[in-house]
Structures are given as structure tokens and as C-alpha cells.
Amino acid sequence: MNKTRLIALMAALAAGTASAAGTVAGTAIENTATASFQDPANTSSTLTSTSNKVTTTVLPLPGFDVVYSDGTADGNTISTTPIVTTGAVPGQKITTAYSVLNTGNIELTVNLTAATTNAAPGQTVQYFIDANGDGVADNTTALTSVTVPVDDPATSADEGVVRIVQVVTLPTDPAQITPTSVFGASPRGAVTGTAGSDPLAQPGNGYASGTTNNYENGKALDTDLQYVRITVFAPSLDNNPNTSPSTPVDSKGTPITNPALVPPSQTVQIPTEVTGKTGDADPTVPATGYLNPTVPTGDPTPTGTPIVANVATDNQIAYPKADANNLNDVVVFTNNLTNTSGTTDRVQLFPVLADGTVDTAYVYNATAGTFTNSATGVIIRFLDPVTGSPILVSSSPSDPTVAQYPTVTVPSGSTAVYRTEVTYPDPNDSDPIAAVVVKLGADSLKDAGIVSDSSTTNTIYAPAAQFGDETSLLGTSSATVVTQTVNPNGTFSGVSSPDLSDSTAVFRMDIVNNGQYNDSFTLSGSVILTVAATSATITVPVLYYAPDGSLLPRLSTDPQSPDYNKFITPVTAPGTEYKAYGLVDVPTGTRTGDYTVSQYAAGNYSTISMSDLNDVIRVSPNGNVAVAKFVFKSGVTADSNPVNGVNNPANFTSTGATGARPGDDIRYRIIGKNNYNTGISGFFLSDAVPANTTFKSIALLDSAGNAITSKVIYQVNSGGWSATAPTAGLASATVIKIALDNNSDLIPDILPASTTLTAEFIVTVK
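Just so we're clear, the structure is a prediction, and the values are computed from it rather than from any experiment.

Cut-offs applied
Going along each chain's sequence as written, the residues are numbered from 1 onward. Whole-chain, interface and lining totals are the exception, using all residues; otherwise, since this is a predicted model, local features are given only for residues with pLDDT of at least 70 and side-chain atom pairs are given and counted only at 80 or more. In computing side-chain values, all of the structure's heavy atoms are included and hydrogens and water are not. A pairing counts as a salt bridge when a side-chain nitrogen of Lys or Arg comes within 4 Å of a carboxyl oxygen of Asp or Glu. Helix and strand assignments follow DSSP, with helices taken as H or I runs no shorter than four residues and strands as E runs no shorter than two, numbered in order from the N terminus. A 1.4 Å probe rolled over the protein chains alone gives each residue an accessible area, and that area as a share of the maximum for its type sets the label: buried under 20%, exposed over 50%, partly exposed in between. Should DSSP find at least two bridges between two strands, the strands are regarded as paired. To obtain each axis, a line is fitted to C-alpha atoms, and for helices this fit is confined to the stretch in contact; angles are then taken between N-to-C directions over 0 to 180 degrees. Between rings of Phe, Tyr and Trp, where Trp is taken as its six-membered ring, a pair exists when centres lie within 6.5 Å; planes separated by under 30 degrees are stacked, by over 60 edge-to-face, and by other angles tilted. Here, a charge over a ring means that NZ of Lys or CZ of Arg falls within 6 Å of the ring centre while also lying within 35 degrees of the ring normal. By nonpolar core we mean a set of buried residues, namely Ala, Val, Leu, Ile, Met, Phe, Trp, Tyr and Cys, connected to one another through side-chain atoms within 4.5 Å. Using protein atoms alone on a 1 Å grid, points that fit a 1.4 Å probe yet trap it form a cavity, whereas open point sets bounded by protein on both sides within 12 Å along at least five of seven lines form a pocket; residues with an atom within 4 Å of a point count as lining. Grid points are joined across faces, edges and corners, and a volume is the space filled by probe spheres set on the points. In this classification, the charged set is Asp, Glu, Lys and Arg, the nonpolar set is Ala, Val, Leu, Ile, Met, Phe, Trp, Tyr, Cys and Pro, and all remaining amino acids, among them Gly, are polar.

1. Some points on the pattern of salt bridges
- Overall, the coordinates contain 13 salt bridges when judged by the stated rule.
- Among the salt bridges present, the one from R381 reaches E421, with a minimum N-O distance of 2.7 Å. Placement of the pair is R381 in strand β23 (residues 378–383) and E421 in strand β25 (residues 415–424), with a sequence separation of 40 residues.
- A residue is classified by how much of its surface remains accessible, and E421, at 13% relative accessible area, is buried.
- Between D665 and K696 there is a salt bridge whose closest N-O contact spans 2.3 Å. In this pair, D665 is assigned in strand β41 (residues 665–674) and K696 in strand β43 (residues 693–701), connecting sequence segments 31 residues apart.

Structure follows, in C-alpha cells:
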């Protein structure tokens, strides 16, 4: 090919045309000669004679070339090629557009193979048709050859071009892809000859039959190649727990200038004691960590959750406290994504499994930026540290790689700070709750596939506890009413109290730690009792004892403090329970009846509030009715001559000698005392008229010794009750009864516990 033709061809390639080498092979060139002469018979006329037709067939002049479709000059090596892909990663596909040109005058089938440099196991090079020239393969069927038509110089169209793409797929094994790896590939074109020894009889494609070394532009093997050089990018990401990065950036890669948006490490209190010291009101130890960050969208609930980072295990652990509602709880973690790859990287974030692949249990909502696990109820959002808004899928004009998940941009040498908001169900604070473990992946968009290049874990240890009456299994009972019967006139006997015979009620209580961290608990309780004698109420505290019978430590040792009757359990580990005795000493003189005991427990760290409000102390009736009879004797001092536990009134005696003459009156005082701890119904006093006397009068007296003139009823012998007093003169042996009847139903009233009823009975000596 002469220089002029070569220059024209290169110009045509740049313009995307082939410029065939002359007339199409097989074209018949026909020629007939003529002779013109003067007609001898008529010299004014010219005659023509035609020769025979001579036919010449145009023979093949084959030629082809493989060139870059963008017009870049070919004939280069891996080191000299201007076509370069940088930042390639394991498994990535690199696509380059080429054109196969027919520069001859005969249709050619060009075989395609790849010339490679530094090819690694697992690397593939394939070729595909790109009919519309957009640089994208039209189908998934790889080519081993293409048939390139000849360009007809008689037309304006360029028939001699077939556009293809070369797809280089790098190895997926990271061990074969390092940041220093360089890969190269170029299409290699060759045509197998089909021409025979006689070009007219067997023109073929112009290349000698059987030859396979017919390369581009007639050059030697691999001297006219079109390399693409692929420089490997290996992501270098560290998706680590919260630290204090020196160059923090937000999700868009913009430096964060407000240090308050990057939570500093500080001293926080976390419940890490496995076995606690008896009496610890706050079973925690200081640790280096940080509290939930405040974001513009508002504080998470519960606020102030201590979060401790373990950089060695890429794990953060949050210790949230309980709240007063059953709404979903939220913990916000701070995560850092550091890029040391040497170039800016765009990274997508998503929940991952242990192998780094996407955790498909979470369904991603691209509009809301949420990952929702319907089985567990856990919802994850990634938040920008500056705006607090959800980080969504984003693209970059300079890096149009398509992302599927929330995307952050991280300049090399910088750390992208992002919040991970974890929302989880809080149906109650009682039932056992598992730890909420969220494993997060960071996948560079510069590599193939969606596999985490660095993962980190956020863990929530949530609280839960039960308080109630003990059971034989791990857990408590709050539905069953436990009743303890006591004798209020018995003795106090401690936690070994038997039922009924003493005045101590003992309830075996249980505190179960169903949460995920250690906690101790404050116990308190009380019961409101009624004093039988006065009907006044008193509040008696519940005292709490350890299983060994020793009193648990009080929250305060000051008897005047409201915390004096609050007691502290030892630290209880997750999944274990602590049994305590709740003890009530019922005072003497408590009115009979059922009294409900109110008991409470509160987690000292978790703040969980629990109650058991249905245990009952049953105060049983016990005691007696004492009756004493006194006779008038002047000068006797009151209370100097008691009998049957009843004190004598002034001027009355139970044993002193007295005398009376016929016609004299004998005055008796009859006192009945209710020594039961409950009122007794139908109470009345009675006496019989002594021998040798006749009845004169009977009356009830008030506390001042005055006769009660109303609401009194009487009964003589076996007659009915009447509001009319018996008449004087009734004979000896007549039984006369007297009682109060405040409701006028002619039925003796109730005599309250620890009270007395006094009657004055007067008879006359015959």
C-alpha cells in the first residue's frame, strides 16, 4: 500500500469508514474494440466495425485491520497504549469498543483471539457484536470470528465495517488481584486462506489456501495490536466502630468542621459486672465509650444510651435503659468508614451476612432509605452526621457506576462518618429478649458484584425483667394470688414463719433478669392495715431478706429517709433469677380481714419498673370476750382491782367486802370487753336478779358513766327484744339482757374489736 493510500485509510478509520482496495473481487471487466472508417461507396458516410468482446475478472486483493472505534491509533503495546482503565477491581468487566475493517476487495471472515499480558487464572477476554456502535454488547453470545463485507466503492455507504466490543473480566479471587496488578488485552485478527494455485479457477479470499498467519495489514504476528491497559484498584476500606477520625467527612465527602457531630470518647457507665457486690445500687463500671449522638431529627429514645466500641472485634455494644411505653425503641450508632486506597472511593452500605453478601432478610426501600426485617421487626437507616437525613442511593458525574444501596463518598485518607439508626420492637420489658445484632457491610462501587469489602457490627443489649411470686421454673407468677394467714396476737418469727400461728407473713418473691446485661434491683413494698381498736389505718413496710435469711441492704440507713424501706438485691446476670423473701410483721390489734400487699421492683441500671399487687395477708379472728362484774364500794380507786383483764371503775370493786340492809339498793357494773381483733356481732350483756332481791333498773353507760337513754334494747328471759325498759319489781332469777341498737332493728349491734360495753344493774334487797 502506497503512502498516499495509507494516509487516506487512516483518515477513513478516524471517520469510521473502511476505504476498500479498489473494485470488488469477482467483478468482470469487459472490453470491445471498434474501428471507424469512410464508406468507400459514399465518402460522406462513416462506418464502424466491432471487435470481439474481451472479459477480465477482478481478482481478490484482501486486506483487513482491527482498530479502536474512537479513532485512536493502533499498533501499540500494553506499555504504550493510550487506552487505559484505572481503579479496576476483582471481578470487574472492562469493555472497549473496536471496529473490524475490510480494507480489501473481498469479503473476509476474521478470526478473533485475544493477545494478553499478565493474564491471571480466572481472567476472561470475550468479544461481542456492537451493531449500533454504543460501546455495549448487543447480546450475550461471545464471538470467535466475524464476517466483514467488502466495501463497494460505487456506494456512499460503508459496508466494510463490523463493530465489536472486547470484554475483559478480571479474576474474582482477591489473592490474584493486588493494588500493583496490571492486566492487558488486545483483539488479534487473523484470516484463514482459501485461494487455490490458479487465481482464476480458485480465487478464494486471496490468501493462499491453508494459511492461518494472515494478520492485520499483512504484518507479522502481534505487531499491529490495540491494547487496553488495566490497572487494578483494590478497595482499602475500614468500616470500623466509632473512633475520633482526624479527617472526618460527611456522606458526600465534605469535611465535617463541627467536632460536636463526631462523638468523642468519654467515660460512660455500663453494667458489666458478672457477679455483683451485695447492695450495689448501680451495678456498673466505667468504660470508654460515648452516648447516643444528637442528630437534627431529634434524640433517639431512650436518650443517652451508653455505647462502647471494641475496635479489635469491629463491634459496638449499646446498653439502652427501659422506657415507659411499648413503642419501638431506637438506638443510633456512629460508624466510621476510612479509605486508604489512594483514590476517592464511592461506597454503598447495607446489612450483610457473615460472608459479606447482602442479608436478604432485610428489604430495602430506596425512597425511605430503610432496610426492614419483617421477621424480627428491626429497621435500619443510615443517616448523614450533619443533616441527620437518610443517606440514599446516589450517583457521581465523575463515577457513574450504578449503586443499589445508600452511598457515601470517601476521599482517600479520609473517614466518612455516618450514623446507623437501629429501630427494634419493644412490646414489653418483661419477656426474654434477644440481643439485636446488626452486621453492616461497605462495598466499593469500583469492584464487581455486591460483596462487603469491610464489615462492622452494631449490637444492642436490651433490658427485660420479671418480678412476682416465685415458681419452680425460671420466671415468676403475677396472676396467682398468694395468701398468707397470720395471727396478729402471735409473735414475729422471721423468714421461717409458719402459717397461721404467728403474726409474720412471708412471701417468696423472684426477680428474673430476662435482658441482655447485668442489673441489680431495688425492692420495696407495703400493706395498709386497720387498727381494730380505733379503726385507724397504718402502713407497714415489706422487709426483704436474702435466701440465707439475712436482711438485704437498705437503700438508705437513715430511718427518716423515704429510702429506708427500700432494699437492694445483688447484681443478677442475664438469664438468671434472684429469689428474695418479702416479709411483713403484722402488729398486735390489727383488725381481722384480707389486706392486699403492694410490692415493687425497679432495675437500678435499666430503670425497668415492675410490680406485684395481688398478694394477700389474711388476718384471722382470734382472742376472747372478757366479762367483769363489779359492785359499788365507795373509796375504791379506779383500775386498782381488775378482773379478767378488765379494770374496775372508781368506787367499784370485784373482790372487796360490801354490805346492804333490807331495802337498800345494790349497784353492779357489768363490763364486757371484745379482745378479738375483729368486731363481734349480736353483742349484749345479761345478768340474773339475785336471790333475796328484786329488779330495780338496768342501763348502759357511756364513757363518762352517764346512762344512755336511746338506742338501747332489752330482753327479759326468753322474750323478744324491745326498746322498752323492764319494769321494777321483777323477781329473783329473772334474766335481763341489754344491748345497743343504733340502727333500731331490735338486733344487738356489733361490738368493735378492743372496745367495751358497760351496763349498770341495780337490785333492791328484800
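2. Looking at the sheet that holds strand β45 (residues 735–740)
- Taking strand neighbours across the sheet as the criterion, the three strands line up as β42-β45-β44 in an open arrangement whose pairing is antiparallel. Sheet topology places β42 (685–688) and β44 (712–716) at the edges, where each strand pairs with a single neighbour. Taken pair by pair, the neighbouring strands of this sheet meet at an average axis angle of 20°, ignoring direction.
- For β42 and β45, the ladder comprises four bridges, and the chain directions are antiparallel. From the neighbouring strand, L685 faces β45, where its bridge partner is I738.

3. A look at the packing of aromatic side chains
- Summed over all chains, the structure comprises 15 aromatic pairs.
- Relative to F652, the ring of F632 lies with its centre 5.5 Å away and its plane at 80°, an arrangement referred to as edge-to-face. Of this pair, F632 sits in strand β39 (residues 625–632) while F652 sits in strand β40 (residues 652–653), placing them 20 residues apart in sequence.
- Residue F652 is classed as buried on the basis of its relative accessible area of 2%.
- An aromatic cluster is built from F350, Y364, F371, F382, Y405 and Y418, whose rings are joined through pairwise contacts.
- Lying over the aromatic face of Y605, K321 brings its terminal NZ or CZ to 5.1 Å of the ring centre.
- The aromatic ring of Y564 is capped on one face by R554, whose charged end is 3.9 Å from the ring centroid.

4. So, the sheet that holds strand β5 (residues 93–102)
- Reading across from one edge, β3-β5-β9-β7 is the order of the four strands in this open sheet, with antiparallel pairing throughout. Sheet topology places β3 (64–68) and β7 (124–129) at the edges, where each strand pairs with a single neighbour. Here the average twist between neighbouring strands, direction ignored, is 30°.
- Pairing of β7 with strand β9 (residues 161–169), which is carried by six bridges, proceeds in the antiparallel orientation. In the strand pairing of β9, Y127 is matched with Q166.

5. Notes on the nonpolar core
- By size, the foremost hydrophobic cluster in this structure holds 34 residues, and its most contacted members are L523, V527, L552 and I617.
- Of all the secondary structure elements, the ones that give two or more residues to this core are β28 (465–470), β31 (504–513), β32 (521–530), β34 (543–545), β36 (577–585), β37 (593–603) and β38 (609–619).

6. Points about empty space enclosed by the protein
- Applying the stated criterion to the full structure yields two cavities of 30 Å³ or more.
- Considering only enclosed or pocket space, the largest cavity measures out at about 50 Å³ in volume.
- Lining of the largest cavity is provided by R188, G189, Y215, E216, A220, L221, D222, T223, D224 and L225.
- Its residues placed into classes, the lining of the largest cavity shows four nonpolar, two polar and four charged.
- Of the pockets and cavities examined, the second largest cavity occupies roughly 40 Å³.
- If you go around the second largest cavity, the residues you meet are P463, A464, A465, N513, G515, Y517, D519, F521, S606 and I608.
- Grouping the constituent residues of the lining of the second largest cavity by class yields six nonpolar, three polar and one charged.

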